Amino acid sequence: MSFPRYPEYKDSGVEWLGQVPAHWGVPRLRFTAQLNPSKNEVRQLPAETVVSFLPMEAIGEDGSIDLSRERILADVTEGYTFIRDGDVAFAKITPCFENGKGAVMRGLQNGIGFGTTELIVVRPEEQKLSPYFLHYLFTSTLFRQAGESLMYGAGGQKRVPDSFVRDAVIPLPSPEEQAMIGAFLDREIAKIDTLVAEQERLIALLKEKRQAVISHTVTKGLNPDAPTKDSGIDWLGSVPAGWTLTPLRYLVQSVGQGWSPQCESYAADWESEYGVLKVGAVNGGIFDPSENKKLPPALEPQTDLAIRAGDLMISRANTRELVGSAAVADDDYPHLLLCDKLYRLRFRRSGQLPKFISRFLATPVIREQIELGASGASASMLNISQSVILDLPAPVPPEDEMLTILDYCARAAEETSELIEQAEGSVSLLIERRAALITAAVTGQIDVRDLAPSDAA
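A quick note: this is a predicted structure, and the numbers were derived from the prediction, not measured. (Residues numbered from 1 in each chain as written. Predicted model: local features only at pLDDT ≥ 70, side-chain atom pairs only at ≥ 80, totals over all residues. Heavy atoms only, no water.)

## Quick look at the overall build of the chain
Going by this rule: The helix and strand labels rest on DSSP assignments: H or I over at least four residues marks a helix, E over at least two residues marks a strand, and numbering proceeds from the N terminus. Here the term buried applies to any residue with accessible area under 20% of the maximum for its type, exposed to any over 50%, and partly exposed to those in between, with areas from a 1.4 Å probe on protein chains only. The contact definition used throughout considers only heavy atoms, calling two residues in contact when any of these lie within 4.5 Å. In short, Shrake-Rupley with a 1.4 Å probe defines the accessible areas, and a residue's cover is counted only from the protein chains shown. In this tally, Asp and Glu contribute negative charge and Lys and Arg positive charge; neither His nor the terminal groups of the chain are included. To locate a charge, take NZ of a lysine, CZ of an arginine, CG of an aspartate or CD of a glutamate.
Across its full length, the chain holds eight helices and 24 strands. Looking at the chain as a whole, 48% of its 457 residues qualify as buried. Considering only contacts within the chain whose residues lie at least 6 apart along the sequence, 76% involve residues at least 24 apart. Summing over all exposed atoms, the chain offers an accessible surface of approximately 22,400 Å²; the carbon and sulfur share of this is 50%. Each charge class in the chain was averaged separately, 45 positive and 62 negative side chains, and the resulting centres sit 2 Å apart.

This is how it looks when you write it as structure tokens:
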């Protein structure tokens, strides 16, 4: 859908903003809003006053805020950023700023909140600037690109300077027109977000279906009429009668665990013949040899840790979601060495068994057993011992049936992955449209006065 433009424009005098409607103002933000209001406003309140608490994770990239956390005033007046209902706050640190983390503050406990020091807080003057219009401006692509170009600091600690926000020249329509633009965007963004949510539900369903199909196939086979036998394991149930069921340790010839030398990043200037795999090499269930770090020339490579075709690598230390992830090497990699966060299983017999076991390890019932056997100092990071893997019962079909099953799983995964890719592409396009629409509306590149809801003004 195309939108009309305003009849007349003028130069804003600012490179990133370009032209704006001729009747709009272009003041610096400091003349229409207060930056980082003082905490003195609340120092007279009782110390036990309950206020909302907003760490960075409580502020969404979609303008949402999580108000589930609360503190008493005495605990937050020092070391945190002060906010009130009606303020507009956004993250100033990378990558949160670039990702659009920010929101209009509303529904705060007693109208007061304190949050991370990585927020910039702007309090609009009530008769000049709508907080909702301002929030949309802050999330617009042009504003974020301009702020990103002025970030200071290094690496993950780069920040937008307060001075950029304070001195920013902003497009300023009348309060009535700001309300129209805000109402128009609220309506149109809600439509887009609904479509995004539908596609994301479809993606989740497709992933569930893919996992269910593969899980059933590697534990029950492809023939629903084949005779079965009781596995003797409650969580596994029956398996095809022609399959063997044996602990994984009896199928494995050797188990290797890697080392953890101090390596340089893969992008190091000097060249090295050897690399040490990173745990991310198996996270996707497909072996990725590019996930490695270079071994410094001064270190003697442990060549017995090199990777061969058919080696099954298993993540032994990872996040809860990824611990136990497995992938099979598709070739010999004599110059890639095993890291200490991976186990390497070499099997007694060649053929399709490593790939079949890799599929089996990815099934929900096995993932659950791995997680039950894991240990860790935190709820998010887990470790698994060799015995957790080696004691797992593995149903093994005959070689010809195994090959048929693996071919079927590969086709099913490919077909579903294509549908998932299409849905993810739709989501990307919708998100791009969302960003473009916001930017166009708040900078006056489209005229929405006749398109806004009738009660907007």
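## Regarding the environment of Gln386
Tracing the sequence through the fold places Gln386 in helix H7 (residues 386-390). Once the C-alpha coordinates of Gln386 and Gly275 are considered, the two residues, 111 residues apart in sequence, prove to be 24 Å apart. The contact partners of Gln386, leaving out residues within four places of it in the chain, are Val255, Gln257 and Tyr343.

## So, unusual backbone geometry
The omega angle of the peptide bond from Thr94 to Pro95 is -5°, so this bond is cis rather than trans. Within the secondary structure layout, Pro95 lies in the loop between strand S7 (88-91) and strand S8 (102-104). Despite not being glycine, Asn36 has its phi angle at roughly 45°, a positive value. Mapped onto the elements of the fold, Asn36 is located in the loop between strand S3 (33-35) and strand S4 (50-54). Its relative accessible area of 30% is what places Asn36 among the partly exposed residues. For Asn110, which is not glycine, the phi dihedral falls at a positive 60°. With respect to the secondary-structure elements, Asn110 resides in the loop between S8 and strand S9 (112-115).

## So, the pattern of salt bridges
It is possible for side chains bearing opposite charge to pair when their charged atoms get close. What counts, and what does not: We define a salt bridge as a side-chain nitrogen of Lys or Arg found within 4 Å of a carboxyl oxygen belonging to Asp or Glu.
Throughout the structure, instances matching the rule amount to 16 salt bridges. The residue Arg84 makes a salt bridge to Glu41 at a minimum N-O spacing of 3.3 Å. Here Glu41 lies in the loop between S3 and S4 and Arg84 lies in strand S6 (residues 81-84), a separation of 43 residues in the sequence. Exposure remark for Arg84: the relative accessible area of 27% places this residue in the partly exposed category.

## Quick look at empty space enclosed by the protein
The cut-off we apply is this: Cavities and pockets were defined on a 1 Å grid built from protein atoms only: a cavity is a group of points that admits a 1.4 Å probe but offers it no way out, a pocket is an open group of points flanked by protein on both sides within 12 Å along at least five of seven lines, and a lining residue is one with an atom within 4 Å of any such point. Grid points are joined across faces, edges and corners, and a volume is the space filled by probe spheres set on the points.
Inspection of the entire model under this criterion finds one cavity of 30 Å³ or more. Taken as a whole, the largest cavity encloses approximately 70 Å³ of empty space. The wall of the largest cavity is formed by Val88, Ala89, Phe90, Cys96, Phe97, Gly100, Lys101, Gly102, His135, Phe138, Thr139 and Arg144. When contributions to the lining of the largest cavity are tallied by element, the ones reaching two or more residues are S7 and helix H1 (131-139).

## With respect to the packing of aromatic side chains
Think of a pair of aromatic rings as described by two things: how far the centres are apart, and how the planes are tilted against each other in angle. Short version of the rule: Stacked, tilted and edge-to-face pairs are distinguished by plane angle, under 30 degrees for stacked and over 60 for edge-to-face with tilted covering the rest, among Phe, Tyr and Trp rings (Trp via its six-membered ring) whose centres lie within 6.5 Å. Whether a charge sits over a ring comes down to the Lys NZ or Arg CZ being within 6 Å of the ring centre and within 35 degrees of the ring normal.
Evaluation of the coordinates by the stated rule reveals 13 aromatic pairs. For the ring pair Phe138 and Phe143, a centre distance of 5.0 Å and an interplane angle of 45° mean the geometry is tilted. Neither residue differs from the other here; Phe138 and Phe143 are each classed as buried. Ring geometry for Trp243 and Phe356: centres 6.1 Å apart, planes at 80°, overall edge-to-face. Of this pair, Trp243 sits in the loop between strand S12 (238-240) and strand S13 (244-247) while Phe356 is found in helix H5 (residues 353-361), placing the two residues 113 residues apart along the sequence. Note on accessibility: Trp243 and Phe356 belong to one class, buried. Joined through ring pairs, the aromatic side chains of Trp16, Phe90, Phe97, Phe138, Phe143 and Phe164 make up one cluster. In this arrangement the basic side chain of Arg71 is found over the ring face of Phe53, its NZ or CZ atom lying 4.3 Å from the centre.

## Quick word on the sheet that holds strand S21 (residues 333-337)
For clarity, the threshold we go by: By this definition, two strands are paired if DSSP reports at least two bridges between them.
Strand order in the open sheet formed by four strands is S16-S15-S21-S17, and the pairing between neighbours is mixed. Every interior strand has two partners, whereas the edge strands, strand S16 (292-294) and strand S17 (306-307), have only one. In the sheet, S17 pairs with S21 via two bridges, with the strands oriented antiparallel. Looking at S21, one finds that Ala306 is bridged to Leu337.

## What to know about the environment of Ser260
Along the chain, Ser260 turns up in the loop between strand S14 (252-257) and strand S15 (275-277). When the C-alpha atoms of Ser260 and Gly147 are compared, they prove to be 39 Å apart, with 113 residues separating the residues in sequence.

## Observations regarding the nonpolar core
The tendency in soluble globular proteins is for nonpolar side chains to be buried side by side. How we decide: Think of a nonpolar core as a cluster: buried Ala, Val, Leu, Ile, Met, Phe, Trp, Tyr and Cys residues, connected wherever their side-chain atoms sit within 4.5 Å.
Counting 54 residues, the largest nonpolar core has Leu29, Val122, Phe138, Val165 and Leu185 as its most contacted members. Those elements that provide at least two residues to this core are S3, S7, strand S10 (119-124), H1, helix H2 (141-148), helix H3 (162-167), helix H4 (175-220) and helix H8 (399-442). Phe138 has contacts with Leu29, Val88, Phe90, Val122, Phe143, Arg144 and Val165, leaving out every residue within four places of it along the chain. Counting 35 residues, the second-largest nonpolar core is a separate cluster that includes Ile357, Ile370, Ile384 and Ala394.

## Some words on the sheet that holds S3
Keep this limit in mind: To obtain an axis, a line is fitted to C-alpha atoms, over the contacting stretch when the element is a helix, and the angle between two such axes runs from 0 to 180 degrees between their N-to-C directions.
One open sheet holds the four strands; their spatial order is S3-S10-S7-S8, and the pairing between them is antiparallel. Of all the strands in the sheet, just S3 and S8 have a single pairing partner and so form its edges. Sheet twist, expressed as the mean angle between neighbouring strand axes with direction ignored, is 20°. Across four bridges, the pairing between S7 and S10 is antiparallel. Across the sheet, residue Ala89 finds its bridge partner in S10, namely Val121.

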